[in-house]
Amino acid sequence: GEALEPIRTRVVVIGAGQAGLSVAYYLQRLGLVPGVDFVVLDRGPSTGGAWQFRWRALRLGTAHKVNDLPGMADLGISFETGDRTAPARDVVSDYYDRYERYYGLEVQRPVEVTGVDDLGTRILVRTRDGASYETELLVNATGTWGSPFRPWYPGADTFAGRQLTTAEYEDARDFTGQDVVVVGGGTSAIGFLLELDGVAARTIWVTRRPVDWVDQQELGTALAISAVAEQDEAARAGKALPSIVSGTGVPISRRNRAGIERGVLVERGMFVSLEHDGVRFADGTFEHADAVIWATGFRPELRHLASLGLRTGEGGLAVARGASQTDPRVFFAGYGPQASTIGANRAGRVIARQVLLALSARRP
Ligand code: FAD
């Protein structure tokens, strides 16, 4: 049939997680009208950003602190006082839903952006259902959940058991009575090991580098600041982002200490290959496995922007304060140093201001 006319707007925000919502909140505060001057598109079926897809057992506060969105206090809700016994995915989806409605942010969903075309001064944003948006500026806030990173090891295709990533993990009970290998040195791997304890027959924890345990109950501010600085440096230089856990280490919370004492949180070095029914280590030892869980992190989801050619030769994006250093029409919210709920909030503030400046500079 005939292609639909593109919908014209000034700013398209892709993604309605913590970063996209924070940008939308500040754009509105600075006088832009949601649904008219800017449009927020999200492919998820529901509110909650990536949180809506996280596994059931994940609770508010078991991983890190989840910061409130800007202006959330006006609704009388806070993650600080949110239900810590309910799945985090339910609480976050519910609070985001109320937030979007309270501020009238008019998020369009499910709308998946499949690609963009450079029209010169404007950008055409194409979506899966055929609708398109012609916009002056683009704010990408697509997070990382859609791009789990899975390293390749020899024999991966011969392993007969189940292999899955963090994004596919749903419930420890799916592994009842099984031998499970958990790969990765971050918070997700640790969460899985603790959940599988007493449910799986046996867990084996493998990490590429020894886990950097930090003798603190929670992630300290100093560590968080240095990890964010590391991310910022890489982003400004257009380098691929370092893993977050490499910058922060892992706090020995009460829960983690108990796991270490029970022998559940004791890692060994990485295996060298997978075989039909297990994994082989460098010293020749073999461990039987029914499943391998790759809790090996995520990469920024950027496929839909490929045609803009923003990737550097170093495998990253050049981004400073959320602004692409390559294309002045493009912003990245939640990228690198902004990839936490607190970073996403700041992203909203700094990006919205720059968007307003860029729009006023474009006025004839
Ligand atoms: P997301 O929440 O991922 O939102 C991105 C949105 O973009 C999604 O809704 C997605 O549907 C949409 N999208 C993606 N691609 C497209 C497309 N092509 N078209 C349309 N829409 C698209 N941080 C904390 O501060 N505290 C924590 O406790 C914490 N726990 C975490 C636990 C896990 C397991 C993980 C993986 C991360 C955790 N983080 C935590 C980091 C967390 O991901 C960020 O803090 C924050 O939620 C990310 O927000 P975001 O808006 O950048 O991304």
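Here the structure is a predicted model, which means the values were calculated and not measured. Residue indices begin from 1 for each chain and proceed along its sequence in written order. In keeping with the predicted nature of the model, local features appear solely for residues at pLDDT of at least 70, side-chain atom pairs appear and are counted solely at 80 or more, and the whole-chain, interface and lining totals rest on all residues. Hydrogens and waters are ignored; side-chain quantities use all the structure's heavy atoms.

1. Considerations on the site of the ligand
1) Next: Residues are classed as near a molecule or strand on a simple rule: at least one heavy atom within 4 Å of it. If you check the shell around the ligand, you find 30 residues, and the closest are Ala19, Asp42, Lys65, Val113 and Thr341.
2) Next: Interatomic distance of 3.1 Å between a backbone N/O atom of Arg43 and a nitrogen atom of the ligand.
3) Next: Coverage of the ligand by the protein chains reaches 90% of its 990 Å² of free accessible surface.
4) Next: Under this grouping Gly is polar, as are all residues other than the nonpolar Ala, Val, Leu, Ile, Met, Phe, Trp, Tyr, Cys and Pro and the charged Asp, Glu, Lys and Arg. Classifying every residue of the shell around the ligand gives 13 nonpolar, 12 polar and 5 charged. Each polar contact in these results corresponds to two N or O atoms within 3.5 Å; when the atoms are within protein, one needs to be able to donate a hydrogen and the other to accept it, and residues that are neighboring in sequence are counted only if both atoms are side-chain atoms. Note that accessible areas follow from Shrake-Rupley with a 1.4 Å probe, and for residues the cover is restricted to the protein chains shown.

2. Looking at the sheet that holds strand β7 (residues 179-183)
1) Next: Pairing within the open sheet is parallel, and its 5 strands lie in the order β6-β15-β7-β8-β11. Strand pairing shows two members of the sheet lacking a second neighbour, β6 (162-165) and β11 (267-269), which therefore form its edges. Ignoring strand direction, the axes of neighbouring strands in this sheet form an average angle of 25 degrees.
2) Next: As paired elements, strand β8 (residues 202-207) and β11 share 3 bridges and run parallel to each other. Looking at β11, one finds that Trp205 is bridged to Glu267. The pairing criterion is simple: DSSP has to find at least two bridges between the two strands. Secondary structure elements follow DSSP: runs of H or I no shorter than four residues count as helices, runs of E no shorter than two count as strands, and numbering proceeds from the N terminus. For every element, the axis is a line fit to its C-alpha atoms; helices are fit only across the contacting stretch, and the angle between N-to-C directions ranges from 0 to 180 degrees.

3. A look at the packing of aromatic side chains
Both the distance between ring centres and the angle between the ring planes are used here to describe each pair of aromatic rings.
1) Next: Stacked, edge-to-face and tilted are the three classes for Phe, Tyr and Trp ring pairs, Trp counted by its six-membered ring, which pair at centre distances within 6.5 Å; planes under 30 degrees apart are stacked, over 60 edge-to-face, the rest tilted. This structure, assessed with the given rule, holds 18 aromatic pairs.
2) Next: Ring geometry for Tyr169 against Phe175: centres 6.1 Å apart, planes inclined by 10 degrees, an arrangement best described as stacked.
3) Next: Pairwise contacts between aromatic rings join Tyr25, Tyr26, Tyr99, Tyr102 and Tyr103 into one cluster.
4) Next: Only when the NZ atom of a Lys or the CZ atom of an Arg is both within 6 Å of the ring centre and within 35 degrees of the ring normal do we say a charge sits over the ring. It is Arg268 that lies over the ring of Phe281; its NZ or CZ is 3.7 Å from the centre.

4. Things to note about the side chain of Asn345
1) Next: Position of Asn345 among the secondary structure elements: in helix α7 (residues 341-362).
2) Next: Think of it in three bands: residues with accessible area under 20% of the maximum for their type are buried, residues over 50% are exposed, and the middle band is partly exposed, with areas taken using a 1.4 Å probe on protein chains only. Owing to a relative accessible area of 13%, Asn345 belongs among the buried residues under this scheme.
3) Next: At 2.8 Å, the side chain of Asn345 and the backbone oxygen of Asp68 are in polar contact.
4) Next: What Asn345 contacts, discounting residues up to four positions off in sequence, is Gln18, Ser22, Tyr26, Asn67, Asp68, Leu69 and Pro70. Any pair of residues with heavy atoms lying within 4.5 Å of one another is described as a contacting pair.

5. Description of unusual backbone geometry
1) Next: Cis geometry marks the peptide bond from Arg109 to Pro110; its omega dihedral reads -10 degrees.
2) Next: Secondary-structure assignment places Pro110 in the loop between α2 (88-103) and β3 (113-118).
3) Next: Phi at Arg321 is positive, roughly 50 degrees, even though this residue is not glycine.

6. Section: the side chain of Thr166
1) Next: With respect to the secondary-structure elements, Thr166 resides in the loop between β6 and β7.
2) Next: If we skip the residues at most four places from it in the chain, Thr166 touches Trp55, Trp145, Ser188, Phe192, Trp294, Ala295 and Phe298.

7. Thoughts on the pattern of salt bridges
1) Next: The rule for a salt bridge is simple: a side-chain nitrogen of Lys or Arg has to be within 4 Å of a carboxyl oxygen of Asp or Glu. Counted under the stated rule, the structure contains 23 salt bridges.
2) Next: Between Asp118 and Arg329 there is a salt bridge; the shortest N-O distance is 2.9 Å. Taken as a pair, Asp118 in strand β3 and Arg329 in the loop between β17 (323-324) and β18 (330-332) lie far apart in primary sequence, 211 residues in all.
3) Next: The exposure class assigned to Asp118 is partly exposed, which follows from its relative accessible area of 44%.

8. Some details on the pairing of strand β1 (residues 7-14)
1) Next: When you tally the buried positions in β1, you get 6 out of 8 residues, the bulk of the element.
2) Next: Note that β1 and strand β5 (residues 132-140) share 7 bridges and pair parallel. Looking at β5, one finds that Thr9 is bridged to Thr135.
3) Next: In this sheet, strand β2 (residues 38-41) lies alongside β1 in parallel orientation, the contact comprising 4 bridges.

9. Some details on the confidence of the model for the protein chain
1) Next: Predicted confidence across the protein chain gives a mean pLDDT of 95, with 99% of residues reaching 70 or more.
2) Next: As scored by the predictor, the complex reaches a pTM of 0.96 and an ipTM of 0.98. In predicted models, pLDDT denotes the confidence assigned by the predictor to each residue on a 0 to 100 scale.

10. Observations regarding helix α3 (residues 187-196)
Every α-helix carries 3.6 residues per turn, so stepping three or four residues along brings you back to the same face.
1) Next: Here α3 lies mainly inside the structure; 8 of its 10 residues are buried.
2) Next: Burial in α3 covers these residues: Ala189, Ile190, Gly191, Phe192, Leu193, Leu194, Glu195 and Leu196.
3) Next: Those residues of α3 hidden inside the fold are in contact with β7, β8, β9 (213-214), β10 (250-251), α6 (254-261) and β15 (291-294).
4) Next: Just downstream of α3 lies Gly198, where phi reads positive at about 85 degrees.

11. Brief notes about the environment of Gln217
1) Next: Structurally, Gln217 can be placed in the loop between β9 and α4 (221-236).
2) Next: Residue Gln217 is classed as partly exposed on the basis of its relative accessible area, which comes to 43%.
3) Next: In the structure, Gln217 is positioned 77 residues away from Trp294 in sequence and 26 Å away in space, judged by C-alpha atoms.
4) Next: For Gln217, the residues in contact, after removing those within four places along its chain, are Pro251, Ile252, Ser253 and Arg254.
5) Next: Only 3.3 Å separates the side chain of Gln217 from the backbone nitrogen of Arg254, close enough to count as a polar contact.

12. Focus on a positive patch on the surface
1) Next: Each patch is assembled from residues with relative accessible area greater than 30% and no salt bridge, linking like charges that lie within 9 Å and nonpolar side chains (Val, Leu, Ile, Met, Phe, Trp, Tyr) that lie within 5 Å. By the counting rule applied here, Lys and Arg register as positive and Asp and Glu as negative, while His and the ends of each chain are not counted. To locate a charge, the coordinates of NZ of Lys, CZ of Arg, CG of Asp or CD of Glu are taken. Together, Arg321, Arg346, Arg349 and Arg353 make up a positively charged patch on the protein surface.
2) Next: Of note, Arg349 is situated in helix α7.
3) Next: When its relative accessible area of 34% is taken as the criterion, Arg349 is described as partly exposed.

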